[in-house]
Amino acid sequence: MTTTLRPTEPERPLTGGGRTRHYAICVNGTPVGGVRFTLPAGERTGRIEELEVRADARRRGRGTTALLAGEEILRSWGCRRAEAVIPAEAEDALRLAAELGYWPLARRMAKHLTGGGAEAAATPLPEGCVLRPIGAAEFPDWYADRSRRYAEELQRSGLGADEARRRSETLMAAYFAGGADTPGTVLSRLTVDGEPGGELWIRLDHTRHPDGRRLAWITYVEVAEGLRGRGLGRALLLQAEREVLAAGGRDLGLNVAEENAAARGLYRTLGYADYAISVGKPL
């Protein structure tokens, strides 16, 4: 039996010059699944999305063929890397990705704030710690610094310098369409005994969990290097829960780099669980 990809739609342009197209995965011409390939504007990293093979057609190499054929499509678009997001419970898909050379980049984790966030409500910031909003006067410098640092993080994940900078600029512009007063955004700076101690950035209505729940999102949390190991990271995460609960939210998510085992361990002690894993591969 022959597995092929067949377009289900014309290639569609994206805002700014990107492109996307959906394909049916066919066996002898009969659809048994589908997959979408997307290349955002200005990037060289293609996204593999909406990959699905019908249950009765699995374990016969259909997914492998679709991914390998898709990589050729992405190469023809000028892509140098492919990325995908796989549900954490999809063990077969994760195994297939690993066999084809994809490596884990980051984990998406989520927590349901049960019991009204009792631990958060009962755990104040440590003595000497103050968490205050980042105001309009501070925002331009904070924005420039966060954009630069995000680009550096993307480079460490394997993106080239130009692509990392463009992705950082695009995402930051989207996140802060309203500038410092963008609705649903909470930006805070931690001081410890009057000195800079860390930052907390929350988006109160960011995305959906695969089960349909709306997720608020901890986009960035940091404790200054010299202050780590004192429970400040935990305190900031609990403060994030307080902010979300105060805004009427009940579910909170975050993204953590695969190599940051210490952070993953902290999140798990607070009740976060993996729900998706980002993987990537050079083409």
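Refer to the structure presented above.
Residue positions are given per chain, counting from 1 as you read along its sequence in written order. For a predicted model such as this one, the threshold for reporting local features is a pLDDT of at least 70, and the threshold for listing and counting side-chain atom pairs is 80 or more; totals across whole chains, interfaces and linings nevertheless cover every residue. In computing side-chain values, all of the structure's heavy atoms are included and hydrogens and water are not.

Would you explain the pattern of salt bridges in this entry?
A side chain of one charge can pair with a side chain of the opposite charge if their charged atoms are brought near each other. Basic side-chain nitrogens of Lys or Arg form a salt bridge, by our definition, when they fall within 4 Å of a carboxyl oxygen of Asp or Glu. As enumerated under the stated definition, the model contains 31 salt bridges in all. Between Arg148 and Glu152 there is a salt bridge whose closest N-O contact spans 3.0 Å. Highlighted residues: Arg148 and Glu152, both in helix H4 (residues 139-156), separated by 4 residues, approximately one helical turn. When salt bridges with common partners are traced through the structure, they connect Glu43, Arg47, Arg81, Glu83, Glu163 and Arg167 into a single cluster. A run of DSSP states H or I qualifies as a helix once it reaches four residues; a run of E qualifies as a strand once it reaches two. Both are numbered from the N-terminal end.

Just to check I follow, could you spell out the packing of H4 against helix H5 (residues 161-175) for this structure?
For any two helices packed against each other, the geometry comes down to the angle between their axes and how far apart the axes lie. Angular values range over 0 to 180 degrees, each being the angle between N-to-C directions of two axes fitted as lines to C-alpha atoms, with helices fitted over their stretch in contact. In the contact formed by H4 and H5, the axes pass within 8 Å of each other and the chain directions differ by 135°. Here H5 runs oblique to H4, going by the angle between their axes. Note that H4 runs across H5; the crossing there is right-handed. Residue-level inspection shows Trp142, Tyr143, Arg146, Ser147, Tyr150, Ala151, Leu154 and Gln155 of H4 in contact with H5, the latter providing Ala161, Ala164, Arg165, Arg167, Ser168, Leu171, Met172 and Ala173. A class-by-class count of the residues in the contact of H4 with H5 yields 10 nonpolar, 3 polar and 3 charged. The labels follow the angle: roughly parallel below 35 degrees, roughly antiparallel above 145, roughly perpendicular from 65 to 115, and oblique for the rest. Handedness of a crossing is defined here by the sense of rotation of the near helix relative to the far one, left-handed for an anticlockwise turn of less than a right angle and right-handed for a clockwise turn. In this analysis, two residues are considered to be in contact whenever any of their non-hydrogen atoms come within 4.5 Å of each other. Each residue is assigned to one class: nonpolar for Ala, Val, Leu, Ile, Met, Phe, Trp, Tyr, Cys and Pro, charged for Asp, Glu, Lys and Arg, and polar for all the others, Gly among them.

What am I meant to see in the environment of Gly231 here?
Looking at where Gly231 falls in the secondary structure, it is placed in the loop between strand S11 (214-223) and helix H6 (232-246). By relative accessible area, Gly231 is classed as partly exposed at 40%. A simple rule labels every residue: compare its accessible area, found with a 1.4 Å probe on the protein chains alone, to the largest value its type can have, and call it buried under 20%, exposed over 50%, or partly exposed in between.

Looking at this structure, how should I read the environment of Leu154?
By the element assignment, Leu154 lies in helix H4. It is 21 Å that separates the C-alpha atoms of Leu154 and Ala98, two residues lying 56 residues apart in sequence.

Which parts of the structure should I look at to understand the packing of aromatic side chains?
The description of two aromatic rings rests on the distance between their centres and on the angle between their planes. Note on aromatic contacts: the rings of Phe and Tyr and the six-membered ring of Trp form a pair at centre separations within 6.5 Å, being stacked when their planes are under 30 degrees apart, edge-to-face when over 60 apart, and tilted otherwise. Tallied over the full model, the rule gives 10 aromatic pairs. Taken together, the ring pairs in this structure connect Phe139, Trp142, Tyr143, Tyr175, Phe176 and Trp201 into an aromatic cluster. Sitting above the plane of the Tyr220 ring, Arg146 keeps its charged end 3.5 Å from the centroid. The positively charged end of Arg203 is found above the aromatic ring belonging to Tyr175, 3.7 Å away from the centroid. When the NZ atom of lysine or the CZ atom of arginine is within 6 Å of a ring's centre and also within 35 degrees of its normal, the charge is said to sit over that ring.

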